[in-house]
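Spelled out, the chains give:
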Amino acid sequence: MTGEVARVALPSRSVDSRLIVVARAQRAEDYDAVLDVLIDAGIRSVELTLTTPGTFDHFPRLLAQFGGAADLGIGTVTSSDQLSRAVDAGAHYLVTPITSAEFVQQATDAGVPIVPGGLTPTELFASWSAGASAVKIFPAGQVGPAYLKDLRGPFPDLVAVPSGGVDLDGAAAWLAAGAVAVSVGGPLLGDAFAGGDLVALRDRAQAFVEVCAR
């Protein structure tokens, strides 16, 4: 199946680190200090969400400052226009919470990796067979790592990234079950975007980096 469709590979830093941090801030200006700590702690892939106002406008600055050290993706893409803007902005990869063959084709034509979300076998297979770089099992906390083992029966080539409710123990379990990487938000970021302790953030980030290291 893998050889039958065009498929853009996930960025190497994201795959090698096996960890993607989903950064959902109240405003785009809050990204800077948090990303500085995350990347210094060893995080090599960050998904910036479009539910954060100003993400597109602020992205060039983040790319210039951090793009040399980490993959910066744009997530929560829910329209073709957003996808085009993300590609034009230079996103290293794209993430969408939905299953859309059209989005997969649009991203593939642009040469940018895309990770569409889904939960059911039908949704995940639809994205994978359309040429997705990987599929996002979302919300992963509703099914658990054993779900990926079950999916590997009919879909042995499926490249999956669980997202939603993945904590430190869950990260290890999902990776052991065969996930190419885990997508982590709240359990790692905690209250960092609400004025929380950045030293504590660094400690949490380093703990996730260590668990996800090969």
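Here, residues in each chain are numbered from 1, in the same order as that chain's written sequence. The model is predicted, so local features are restricted to residues of pLDDT at least 70 and side-chain atom pairs to those at 80 or more, both for listing and for counting; the totals for chains, interfaces and linings are taken over all residues. Think of the side-chain values as coming from all heavy atoms in the structure, minus any hydrogens and water.

The name an unreviewed UniProt entry gives the chain is KHG/KDPG aldolase, with Microbacterium oxydans as the organism. As stated in UniProt under Pathway (unreviewed entry), the record for the chain gives "Carbohydrate acid metabolism." UniProt positions are given in the numbering used here, feature names are shortened, and annotations may be inferred rather than shown by experiment. Quoted verbatim from the Sequence similarities (unreviewed entry) heading of the UniProt record, the comment on the chain is "Belongs to the KHG/KDPG aldolase family."

**Section: the overall build of the chain**
Going along the chain from the N terminus, every DSSP run of H or I of four or more residues is numbered as a helix, and every run of E of two or more is numbered as a strand. Broken down by element type, the chain carries 10 helices and 8 strands. Only the C-alpha atoms count toward the radius of gyration. The rule for a globule is 2.2 Å times the residue count to the power 0.38. For the chain, whose C-alpha radius of gyration is 16 Å, the value lies close to the compact-globule estimate of 17 Å for 214 residues. Projecting the C-alpha coordinates of the chain onto the three principal axes gives extents of approximately 45 × 35 × 25 Å. The buried share of the chain, taken over its 214 residues, is 50%. Here, residues are in contact when the closest pair of their heavy atoms is within 4.5 Å. Of the contacts formed within the chain by residues at least 6 apart in sequence, a portion of 62% connects residues at least 24 apart. Accessible surface, the chain as shown: approximately 8900 Å² in total, 52% of it carbon and sulfur. The convention is simple: Lys and Arg are positive, Asp and Glu are negative, and His and the chain ends are not counted. Every charge is mapped onto a representative atom, which is NZ of Lys, CZ of Arg, CG of Asp or CD of Glu. Charged side chains of the chain number 14 positive and 23 negative; the gap between the two group centres comes to 3 Å. Exposed residues in this analysis have more than 50% of their type's maximum accessible area, buried residues have under 20%, and partly exposed residues fall in between, with area computed by a 1.4 Å probe over protein chains only. Accessible surface is estimated by sampling points in the Shrake-Rupley manner with a 1.4 Å probe; for residues, cover comes only from the protein chains shown.

**Focus on the packing of helix α2 (residues 31–40) against helix α10 (residues 198–212)**
Packing of α2 against α10 brings their axes to within 9 Å, and their N-to-C directions diverge by 40 degrees. Of the possible angle classes, the one that applies to α2 and α10 is oblique. The two elements α2 and α10 cross, and the hand of that crossing is right-handed. Residues A33, V34, V37, L38 and D40 of α2 form the contact with α10, whose own contacting residues are L198, L201, R202 and A205. Polar here means any residue other than Ala, Val, Leu, Ile, Met, Phe, Trp, Tyr, Cys and Pro, which are nonpolar, and Asp, Glu, Lys and Arg, which are charged; Gly is therefore polar. A breakdown of the residues in the contact of α2 with α10 according to their chemical character gives 7 nonpolar, no polar and 2 charged. Angles shown run from 0 to 180 degrees and are taken between the N-to-C directions of axes, each axis being a line fitted to C-alpha atoms and, for helices, limited to the stretch in contact. Orientation categories follow fixed angle ranges, with anything under 35 degrees roughly parallel, anything over 145 roughly antiparallel, 65 to 115 roughly perpendicular, and all other angles oblique. We call a crossing left-handed when the near helix sits turned anticlockwise from the far one by less than a right angle, and right-handed when that turn is clockwise.

**Here we look at helix α5 (residues 101–110)**
Residue pairs three or four apart in sequence face the same way in an α-helix, which turns once every 3.6 residues. Along α5, the residues that are buried comprise F103, V104, A107 and T108. All buried residues of α5 lie within an arc of 130 degrees about the axis, which places them on one face of the element. Opposite its buried face, α5 presents the exposed residues E102 and D109, each directed more than 90 degrees away. By construction, the arc corresponds to the directions joining the helix axis to the C-beta atoms.

**Things to note about the pairing of strand β1 (residues 19–23)**
For β1, the tally of buried residues reaches 5 of 5 residues, placing the bulk of the element in the interior. By the alternation rule, side chains of β1 split into L19, V21 and A23 and I20 and V22, which are all buried. In this structure, β1 lies alongside strand β2 (residues 45–49), joined through 3 bridges in parallel fashion. In the strand pairing of β2, V22 is matched with E47. Should DSSP find at least two bridges between two strands, the strands are regarded as paired.

**Some details on the pattern of salt bridges**
Salt bridges, as used here, are contacts in which a Lys or Arg side-chain nitrogen is within 4 Å of a carboxyl oxygen on Asp or Glu. According to the stated counting rule, one finds 4 salt bridges in the structure shown. In this structure, R27 and D30 form a salt bridge, with 3.0 Å as the shortest nitrogen-oxygen distance. With relative accessibility at 47%, the residue R27 sits in the partly exposed group. With a closest N to O distance of 3.2 Å, R61 and D32 form a salt bridge. Residue R61 is located in helix α3 (residues 55–66), and its partner D32 is located in helix α2; the two are separated by 29 residues in the primary sequence. A relative accessible area of 52% places R61 in the exposed class.

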